[in-house]
Amino acid sequence: MNSGIVIKAYSGFYYVKDELGVIFQCKLRGRLKRDKNKNTAIPGDRVQFEELSDGSGVIEEVIPRTTLLTRPAVANVEQVIITFAAQKPDLNYKLLDQFLIMAEASELHIVICLNKMDLVDESAGRAFLKLYENIGYPTIYCSAKTSYGIKEMQNLLHDKISVFAGASGVGKSALLNAIQPGLKLQTGEVSKKIKRGTHTTRHVELLQLHGGGMVADTPGFSYFEMETLAPEELPYLFPEMSEGIGCCRYQDCTHDHEPGCAIKEMVNKGAITENRYENYIIFLKEIQEKERERGY
Ligand SMILES: Nc1nc2c(ncn2[C@@H]2O[C@H](COP(=O)(O)OP(=O)(O)O)[C@@H](O)[C@H]2O)c(=O)[nH]1
Ligand SMILES: [Mg+2]
Ligand SMILES: [Zn+2]
């Protein structure tokens, strides 16, 4: 039996890369298919497969996943690079907090990346993310245009499965291209071969980096996924709130309007910034609204 990782799946075929980097076109053993979709292999899955005499393979076992991103599905992603631009477009802090919450909920290692540093003064650019550094988030400042910070980015991606999340136009494609010229072309070629526009069916592919490590070719996550959160989970996704959780007067405190709220006390003292707290309240209301719509 061989071990490998599914780098791409479509039309019932699974492309599995073994430990030596050889790619096998595999089918899934019938018993796995019948397993109520639970074990259907997706990109990122670590699998055991049998090699057949014609050089293809059969996946016999899917190893339990450590993480799972959906829409599109990809397994075992370890790290998300949440990407924004220093300018063009301006940094949207609410969107940043949304990405952070989804990444925290998915239990991914998080790095916040500020691209297009060539458009701003170095110190001004770094000031944009200071508050997130204070919370403890790792940050990286770079420019796909000048290659500033690209070496550091390559080191961050080394030996991990990562995704780049971020709005359109912040420079994710340009960054990938600066990290490894030609990397994204792999996916373009595939979509041409199967005669589909790149924007129709999306097939996630794990792209291999020369320096070790892989990048999943997916936008990361979509904003909807927040719907699946429960209101009481939300404070746990703001690391700077953790100290205050469980310290409020009321056990079921939502940290919104209740008296004796430890979280609001932390906001008053400056341990939690006004902006982050405001976004917490916005997300809380959205989640509560969704729950009401579903009739809870
Ligand atoms: N000045 C500057 N422009 C950049 C940089 N990175 C990307 N761009 C430009 O920003 C636009 C969007 O980049 P793209 O990689 O397509 O963004 P994506 O939608 O996140 O993949 C393009 O016009 C790029 O040339 C950068 O570091 N500096
Ligand atoms: Mg792009
Ligand atoms: Zn409270």
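Keep in mind it's a predicted model, so treat the numbers as computed, not measured. Counting restarts for each chain: residues are numbered from 1 in the order of the written sequence. Going through the entries in the order they are written, you letter the chains from A and number the ligands from 1. Selection of residues for local features in this predicted model requires a pLDDT of at least 70, selection of side-chain atom pairs for listing and counting requires 80 or more, and totals for whole chains, interfaces and linings are taken over all residues. Think of the side-chain values as coming from all heavy atoms in the structure, minus any hydrogens and water.

## Brief notes about the pairing of strand β5 (residues 57–62)
For a regular strand, side chains alternate in direction, first toward one face of the sheet and then toward the other. Rules: Think of it in three bands: residues with accessible area under 20% of the maximum for their type are buried, residues over 50% are exposed, and the middle band is partly exposed, with areas taken using a 1.4 Å probe on protein chains only. Numbering goes from the N terminus for both helices and strands, where a helix is a DSSP run of H or I of at least four residues and a strand is a run of E of at least two. DSSP calls a pair of strands paired once it identifies at least 2 bridges connecting them.
Burial of β5 is extensive: five of the six residues sit out of reach of the surface. In this sheet, β5 lies alongside strand β3 (residues 23–28) in parallel orientation, the contact comprising three bridges. When the bridges of β5 are listed, Cys26 appears paired with Gly57. Note that strand β4 (residues 46–51) and β5 share five bridges and pair antiparallel. Counterpart to Glu51 in the pairing with β5 is Gly57. The hairpin turn running from β4 into β5, its antiparallel successor, is five residues long, and Gly55 in that turn takes a positive phi close to 90°.

## Points about the confidence of the model for the protein
Interpretation of the predicted coordinates at a detailed level should be avoided for regions scoring low in pLDDT. Definition in use: Residue-level confidence of the predictor, termed pLDDT, takes values from 0 up to 100. Any two residues whose heavy atoms approach within 4.5 Å at even a single point are treated as in contact.
Mean pLDDT over the protein works out to 90, with 91% of the residues at or above the 70 mark. In this model, residues 186–201 is a region of pLDDT below 50 whose contacts with residues beyond four sequence positions or in other chains number 14 contacts.

## Here we look at the sheet that holds strand β8 (residues 79–85)
Our working rule: Orientation is described by axes fitted as lines to C-alpha atoms, over the contacting stretch for helices, and by angles from 0 to 180 degrees between their N-to-C directions.
Taken together, the six strands give an open sheet; going across it, the order is β10-β9-β8-β11-β13-β12, and neighbouring strands pair in mixed fashion. This sheet does not close on itself; its edge strands, each paired only once, are β10 (139–141) and β12 (206–208). Taking each pair of neighbouring strands and ignoring which way they run, the sheet shows an average axis angle of 30°. Bridge count for β8 against strand β9 (residues 109–115) is seven bridges, and the pairing is parallel. Directly across from Ile82, in β9, lies its bridge partner Ile112. Against the sheet, helix α2 (residues 93–105) makes contact with β8, β9 and β11 (161–165), and its axis sits at roughly 175° relative to β8, the strand it touches most. In the packing of helix α6 (residues 172–179) onto the sheet, the strands contacted are β8, β9, β11 and β13 (214–216), and the crossing angle to β11 comes to about 140°.

## Notes on the sheet that holds β3
Read around the closed barrel, the five strands follow the order β1-β2-β3-β5-β4; overall the barrel is mixed. Strand-to-strand twist of the sheet, defined as the mean angle between neighbouring strand axes without regard to direction, takes the value 55°. Direction of pairing for strand β2 (residues 13–18) relative to β3: antiparallel, over a ladder of four bridges. Looking at the pairing, Tyr15 lines up with Gln25 of β3.

## Focus on the domain arrangement of the protein
Here is the rule: Those domain boundaries reflect an automatic or database domain assignment.
Along its sequence, the protein is organised into domain 1 (2–64), domain 2 (74–216) and domain 3 (229–293). The C-alpha-based centres of domain 1 and domain 3 are spaced at 43 Å.

## Describing the side chain of Glu60
In plain terms, the rule: Here a polar contact is taken to be a pair of N or O atoms separated by no more than 3.5 Å, where protein atoms must pair a possible hydrogen donor with a possible acceptor and residues adjacent in sequence count only if both atoms sit in side chains.
Tracing the sequence through the fold places Glu60 in strand β5. Side chain to side chain, Glu60 and Arg29 meet in a polar contact 2.6 Å long.

## Quick look at the coordination of the zinc ion (ligand 3)
Put simply, the rule reads: With water omitted from the atoms examined, metal sites may look incomplete; donors here are N, O and S atoms no farther than 2.8 Å from the metal, or 3.2 Å in the case of Na, K and Ca. A site with four donors is called tetrahedral when every donor-metal-donor angle falls between 85 and 135 degrees; four donors are called square planar, and six octahedral, when opposite donors sit more than 155 degrees apart and all other angles fall between 65 and 115; any other arrangement is irregular.
Looking at the metal site, the zinc ion (ligand 3) is ligated by Cys248 (SG), Cys253 (SG), His255 (ND1) and Cys261 (SG), spaced 2.1 to 2.4 Å from it. Coordination at the zinc ion (ligand 3) comes from four donor atoms whose angles at the metal span 100 to 114°, giving a geometry best classed as tetrahedral. In terms of primary sequence, the donors binding the zinc ion (ligand 3) are separated according to C-x4-C-x1-H-x5-C.

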